[in-house]
Amino acid sequence: GQQLNQSPQSMFIQEGEDVSMNCTSSSIFNTWLWYKQDPGEGPVLLIALYKAGELTSNGRLTAQFGITRKDSFLNISASIPSDVGIYFCAGQYNTDKLIFGTGTRLQVFP
Amino acid sequence: SAVISQKPSRDICQRGTSLTIQCQVDSQVTMMFWYRQQPGQSLTLIATANQGSEATYESGFVIDKFPISRPNLTFSTLTVSNMSPEDSSIYLCSVLTGTFNADIQYFGAGTRLSVL
């Protein structure tokens, strides 16, 4: 099935560093979502974006809905060990199907 | 949000057998979905479980292999039939539920299936 291009594929960073990841698509979306998946768990919603240009924060996380509606980025500031996991972007055009990104695997070293 | 319970959480099955996975939600939801996540991969939508009618399958997935039931607005099952090792994956249930702004998909913890 269709997937969004997400980069980087993996990141290995020191605790305290900032992280940035992005997602691009050839199609436009009405909604961009960012999920985090911990080992042995299902994806958990972090941030939802509903209109082009929107910038939304959730604690140390900030995400933006690209102006073209074909991209989004997620920033994590001052990373901590519990930020470890896989981060997925997802685009939604109608209020049903989600198209998922390929995922960014984040590893944080103390 | 919604509380989603999936059973079993994991299973190890023999080739050729079938496994039925259950998904229970703590509130009535219109739309429920089933996803597959192969090892180290992203999530791929298998089908939308429609209450009172046949599920809507995505390209590459067929009803004979992945029969789905949706008897009411809080429950659905996915069966993985005639399993082979290639079916070893995480199977995830999700539901679409409203927030103050729009509908969002929430996920269960998944069922980890290993086929020997």
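Residues numbered from 1 in each chain as written. Chains lettered and ligands numbered in written order. Predicted model: local features only at pLDDT ≥ 70, side-chain atom pairs only at ≥ 80, totals over all residues. Heavy atoms only, no water.

Trainee: Please explain the overall build of chain B as it appears in this structure.
Mentor: Within chain B, the regular secondary structure consists of 0 helices and 11 strands. Here the C-alpha atoms of chain B give a radius of gyration of 14 Å, agreeing with the 13 Å that 2.2 N^0.38 yields for 116 residues. Principal axes of the C-alpha set define a box for chain B whose edges measure 45 × 30 × 25 Å. Per-residue burial for chain B yields a buried fraction of 53% across its 116 residues. Here chain B displays about 5400 Å² of accessible surface, and carbon together with sulfur accounts for 48% of that area. Between the mean site of the 7 positive side-chain charges and the mean site of the 8 negative ones, chain B shows a separation of 8 Å. (Helix = DSSP H or I, 4+ residues; strand = E, 2+ residues; numbered from the N terminus. Rg over C-alpha atoms; globule rule 2.2 N^0.38 Å. Buried < 20%, exposed > 50% of the residue type's maximum accessible area, 1.4 Å probe, protein only. Areas by Shrake-Rupley, 256 points an atom, 1.4 Å probe, with all protein chains shown as cover. Lys, Arg positive; Asp, Glu negative; His and termini not counted. Charge placed at Lys NZ, Arg CZ, Asp CG, Glu CD.)

Trainee: Which parts of the structure should I look at to understand the sheet that holds strand 3 (residues 19-25) of chain B?
Mentor: Two modes of strand pairing occur in sheets, parallel and antiparallel, and in both the strands are linked by backbone hydrogen bonds. Residue and element names in this part refer to chain B. With antiparallel pairing, the 4 strands of this open sheet are ordered in space as 1-3-8-7. For this open sheet the edge positions go to strand 1 (4-7) and strand 7 (68-72), each flanked by a neighbour on one side alone. Averaged over all adjacent pairs, the angle separating strand axes in this sheet is 15°, with direction ignored. Taken together, the 6 bridges between strand 3 and strand 8 (residues 75-80) define a ladder with antiparallel strand orientation. Paired with Gln24 across the bridge in strand 8 is Phe75. (Pairing = 2+ DSSP bridges. Axes fitted to C-alpha atoms, helices over the stretch in contact; angles between N-to-C directions.)

Trainee: Sorry if this is basic, but what is going on with the interface of chain A and chain B here?
Mentor: When the parts of a complex come together, some accessible area is lost, and that lost area is often used as the size of the interface. Taken together, the contact pairs 21 residues of chain A with 24 residues of chain B. In total, chain A and chain B occlude about 1700 Å² of area from one another, counting both sides; carbon and sulfur atoms represent 56% of this. In this structure, the connection of chain A to chain B is made through 1 salt bridge. Residue B:Glu58 pairs with A:Lys97 through a salt bridge whose shortest N-O separation is 3.4 Å. The tally of links between chain A and chain B comes to 6 residue pairs in polar contact (both at pLDDT 80 or more). Among the secondary structure elements, those contributing two or more residues to the side of chain A that touches chain B are strand 4 (31-37), strand 5 (44-49), strand 9 (85-92) and strand 10 (98-100) of chain A. In terms of residues, the side of chain A that touches chain B owes the most to one element, strand 4 of chain A, which gives 3 residues. (Contact = heavy atoms within 4.5 Å. Buried area = accessible area lost by both parts, 1.4 Å probe. Salt bridge = Lys/Arg side-chain N within 4 Å of Asp/Glu carboxyl O. Polar contact = N/O pair within 3.5 Å; in protein donor to acceptor, adjacent residues only side chain to side chain.)

Trainee: Where do I start with the sheet that holds strand 8 (residues 71-76) of chain A in this structure?
Mentor: All names here are of chain A. Pairing is antiparallel in the open sheet, where 5 strands are placed in the order 1-3-8-7-6. Strand pairing shows two members of the sheet lacking a second neighbour, strand 1 (5-7) and strand 6 (55-58), which therefore form its edges. When the angles between neighbouring strand axes are averaged without regard to direction, this sheet yields 15°. Sheet analysis places strand 7 (residues 61-65) next to strand 8, joined by 5 bridges and oriented antiparallel. Bridging from a neighbouring strand, Ala63 pairs with Leu74 of strand 8.

Trainee: Can you walk me through the side chain of A:Glu54 in this structure?
Mentor: Residue and element names in this part refer to chain A. On the secondary structure map, Glu54 appears in the loop between strand 5 and strand 6. Buried charge without a salt bridge: Glu54, with Lys51 as the nearest opposite-charge side chain at an N-O distance of 6.5 Å. Here Thr56 takes part through its side chain, which lies 3.0 Å from a polar atom of the side chain of Glu54.

Trainee: Is there a simple way to explain the state of the cysteines in this structure?
Mentor: Each disulfide consists of a covalent bond between the sulfur atoms of two cysteine residues. Taken as a whole, this structure holds 2 disulfides over all chains when the rule is applied. A sulfur-sulfur distance of 1.7 Å marks the disulfide that ties A:Cys23 to A:Cys89. With A:Cys23 in strand 3 (residues 19-24) and A:Cys89 in strand 9, this pair connects stretches of sequence that are 66 residues apart. According to the relative accessible area criterion, A:Cys23 is buried, its value standing at 0%. By relative accessible area, A:Cys89 is classed as buried at 0%. Across the disulfide, B:Cys23 is cross-linked to B:Cys93 (sulfur-sulfur distance 1.9 Å). Around the S-S axis, the bridge from B:Cys23 to B:Cys93 shows a dihedral of about -65° and counts as left-handed. (Disulfide = S-S within 2.5 Å.)

Purely spatial values, then, with no claim about function.
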